[in-house]
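# Inside the fold
Below are the chains, spelled out letter by letter.
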Amino acid sequence: MSQFQSHHASHDREIESLDEFDRVVSAPGSLAHHRVQAVDLTDRTDALLAADATGAVFLGCPMAPAAAARVRSAGALVFPPIPGLPFDPYRGRVYSPDELYAHLAEDYEATPDALAYAWFQQTKADGDVFASMLRAVHDDAVSDALDELVAGARVVGVMGGHAMARGTAEYAGAARLGRELARAGLLVATGGGPGAMEAANLGAYAAPFADGMLDDALALLAKVPSFAPSIGDWARSAFEVRERWPDGGASIGIPTWFYGHEPPNAFAAHIAKYFANATREDGLLARSTAGVVFLPGAAGTLQEIFDSATPNYYESRGEPTPMVLVDREHWTGTLPAWPLLRSLAKGRAMESRIALVGRIDEAPEALKRLGG
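Residues numbered from 1 in each chain as written. Predicted model: local features only at pLDDT ≥ 70, side-chain atom pairs only at ≥ 80, totals over all residues. Heavy atoms only, no water.

### Re the overall build of the protein chain
- Counting its secondary structure elements, the protein chain contains 15 helices and 11 strands.
- The C-alpha radius of gyration computed for the protein chain amounts to 22 Å, which stays within 12% of the reference 21 Å derived for 372 residues, consistent with globular compactness.
- Taking the principal axes of its C-alpha atoms as reference, the protein chain extends roughly 65 × 50 × 45 Å.
- When burial is assessed residue by residue, the protein chain has 51% of its 372 residues classed as buried.
- Put simply, 62% of the contacts in the protein chain that link residues at least 6 apart link residues at least 24 apart.
- Split by element, the accessible area of the protein chain, about 16000 Å² in all, is 54% carbon and sulfur.
- Averaging the locations of the 31 positively and 47 negatively charged side chains of the protein chain gives two centres separated by 5 Å. (Helix = DSSP H or I, 4+ residues; strand = E, 2+ residues; numbered from the N terminus. Rg over C-alpha atoms; globule rule 2.2 N^0.38 Å. Buried < 20%, exposed > 50% of the residue type's maximum accessible area, 1.4 Å probe, protein only. Contact = heavy atoms within 4.5 Å. Areas by Shrake-Rupley, 256 points an atom, 1.4 Å probe, with all protein chains shown as cover. Lys, Arg positive; Asp, Glu negative; His and termini not counted. Charge placed at Lys NZ, Arg CZ, Asp CG, Glu CD.)

### Quick look at a nonpolar patch on the surface
- Taken together, the side chains of Val129, Phe130, Met133 and Val137 make up a nonpolar region of the molecular surface, amounting to roughly 360 Å² of accessible area.
- If you trace the backbone, Met133 turns up in helix α6 (residues 129–150). (Patch = residues over 30% accessible without salt bridge, like charges linked within 9 Å, V, L, I, M, F, W, Y side chains within 5 Å. Salt bridge = Lys/Arg side-chain N within 4 Å of Asp/Glu carboxyl O.)

### As for the sheet that holds strand β2 (residues 35–37)
- Strand order in the open sheet made by the 4 strands is β1-β2-β3-β4, with parallel pairing throughout. The sheet is open, and its two edges are formed by β1 (14–15) and β4 (77–79), each paired on a single side.
- Judged from the 2 bridges that link them, β1 and β2 form a sheet pairing that is parallel. From the neighbouring strand, Glu14 faces β2, where its bridge partner is Arg35. (Pairing = 2+ DSSP bridges.)

### So, the sheet that holds strand β8 (residues 270–271)
- Spatially, β8-β7-β6-β5-β9-β10-β11 is the arrangement adopted by the 7 strands of the open sheet, whose pairing is parallel. If you trace the sheet from one side to the other, it starts and ends with β8 and β11 (354–357), each paired once.
- Sheet analysis places strand β9 (residues 292–294) next to strand β10 (residues 323–326), joined by 3 bridges and oriented parallel. By the bridge assignment, Val293 is partnered in β10 with Val324.
- Across the sheet, helix α14 (residues 337–345) touches β10 and β11, and the angle it forms with β11 is around 155°. (Axes fitted to C-alpha atoms, helices over the stretch in contact; angles between N-to-C directions.)

### As for the domain arrangement of the protein chain
- According to the domain assignment, the protein chain consists of domain 1 (11–79) and domain 2 (145–290).
- Spacing between the C-alpha centres of domain 1 and domain 2 amounts to 37 Å. (Domains from an automatic or database assignment.)

### A look at the nonpolar core
- Ranked by size, the top nonpolar core spans 52 residues in total, and within it Leu181, Leu202, Val241, Leu295 and Val324 carry the most contacts.
- At the level of secondary structure, the elements contributing two or more residues to this core comprise β5 (155–159), α7 (169–183), α8 (196–206), α9 (211–221), α10 (231–244), β10, β11 and α15 (363–369).
- In this structure Leu295 touches Val158, Met159, Gly160, Ala174, Leu177, Ala196, Thr301, Val326, Trp331 and Ile360, once residues within four positions along its chain are discounted.
- Counting residues in each nonpolar core, the second largest holds 42 residues, with Leu85, Val292, Ala309 and Leu356 among its members. (Core = buried A, V, L, I, M, F, W, Y, C linked by side-chain atoms within 4.5 Å.)

### Overview of the pattern of salt bridges
- Evaluation of the coordinates by the stated rule reveals 15 salt bridges.
- Between Arg183 and Asp211 there is a salt bridge, with the nearest N and O atoms lying 2.8 Å from each other. One end of the pair, Arg183, is in helix α7; the other, Asp211, is in helix α9, with 28 residues separating them in the sequence.
- Here Arg183 falls in the partly exposed class, since its relative accessible area comes to 41%.
- You can call Asp211 partly exposed: its relative accessible area is 44%.

### Some thoughts on the environment of Ser230
- As for its position among the elements, Ser230 is in the loop between α9 and α10.
- Its relative accessible area of 23% is what places Ser230 among the partly exposed residues.

### Remarks on α6
- Over its 22 residues, α6 extends 32 Å from the first C-alpha to the last, a length consistent with the 32 Å expected when each residue adds 1.5 Å.
- Along α6, the positions that sit buried rather than exposed are Ala131, Leu134, Arg135, His138, Asp139, Ala141, Val142, Ser143, Asp144, Ala145, Leu146 and Val150.
- Where α6 begins, the capping side chain belongs to Asp128, and its oxygen is found 3.0 Å from the backbone nitrogen of Phe130. (Expected span 1.5 Å × (residues − 1). Polar contact = N/O pair within 3.5 Å; in protein donor to acceptor, adjacent residues only side chain to side chain.)

### A few points about the pairing of β10
- The two faces of β10 match: Met323 and Leu325 on one face and Val324 and Val326 on the other face are all buried.
- After leaving β9, the chain enters helix α12 (residues 299–314) and then returns to the sheet as β10, a path that is right-handed.
- Across 4 bridges, β10 lies against β11 in parallel orientation. Residue Leu325 lies in a different strand from β11, and its bridge partner there is Leu356. (Right-handed = clockwise from strand over helix to strand, strands pointing away.)

### A look at helix α11 (residues 277–286)
- Among the residues making up α11, those that are buried are Asn277, Arg280, Glu281, Gly283, Leu284 and Leu285.
- Packed against the buried residues of α11 are β5, β6 (187–190), α8, β9 and α12.

### Examining the pairing of β5
- The buried fraction of β5 amounts to 5 of the 5 residues, a majority that puts the element mostly inside the structure.
- Residues Val155, Gly157 and Met159 of β5 are buried on one face, and the alternating residues Val156 and Val158, pointing to the opposite face, are buried as well.
- With 4 bridges connecting them, β5 and β6 associate as parallel partners. Following the sheet pairing, Val156 is matched in β6 by Val188.
- Inspection of the sheet shows β5 paired to β9 by 3 bridges, in the parallel sense. In the strand pairing of β9, Met159 is matched with Phe294.

See below:
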């Protein structure tokens, strides 16, 4: 059977941990047509020598030379680990804040997040086709992991600009919005960066706690209003909140190294970070199946409004998903996206799925009214 026939798209044939590997090889003992992704198999030589590996694919799995030779001879494809990279292009899971911010106590520049951005800047400038291939493989692996993470969840997107400072009423409002959406049983997803994005992820993190926790956390974070001039100080203050109130609610952040000046926020339990911003933007909006709330922002948020509107207009993803724009003055005066969006929607199915509200605390009810 070809590598690319019926088994290639089956998630139940993906192996992403040693526990999964051990279960598969123990009964019935066959790795045939499985995809083994970023699993260290150095101590599984005997199993690899014995198992049927017909049509298997090993993506970045360290293994003994004898084991690699054996599975290749059985018809498997082996993509070896790439030495010297600050990231794993074959990863089977999305990131966590602790992973991206490892070594933050030393300096932000020592973290995997900063090192991956530095690698991206260097290889982008070099125009290296091998590096661009690795970025594409990485981003596809992240998308696959994200799909597995959100399967069956009701995901609501919260979009907004990175400039919204901690300590402001707007930031507090975005945090309360994230908390209310999470308490309603929705999985909050943001662009994963600072500002409005961090606030919404913070709110989802605060959802399991008594209401006073969010007020206390906002006061603590206000001491470091922005990620400029020090990303390290900004990130450490978020980890201080997490340490004081551990085991908060889960949400998703989907940032990008394309905007390297915007660090990921530490309140999203799951971080799907991409190199390609276009892939990241489309993936974030496409997975927001319960609708999207657009807080005031600039060019990036404006782009997201119409990235969301286009498939709703053409119904290319099926029934249009709700879109709620927050702040009448911003979206009719400062950046008049609302009149254009309303004109675009006129007479189409999406017309009943868009709303403009004046205050952030009106957004959850508007989302509910639109069917989110």
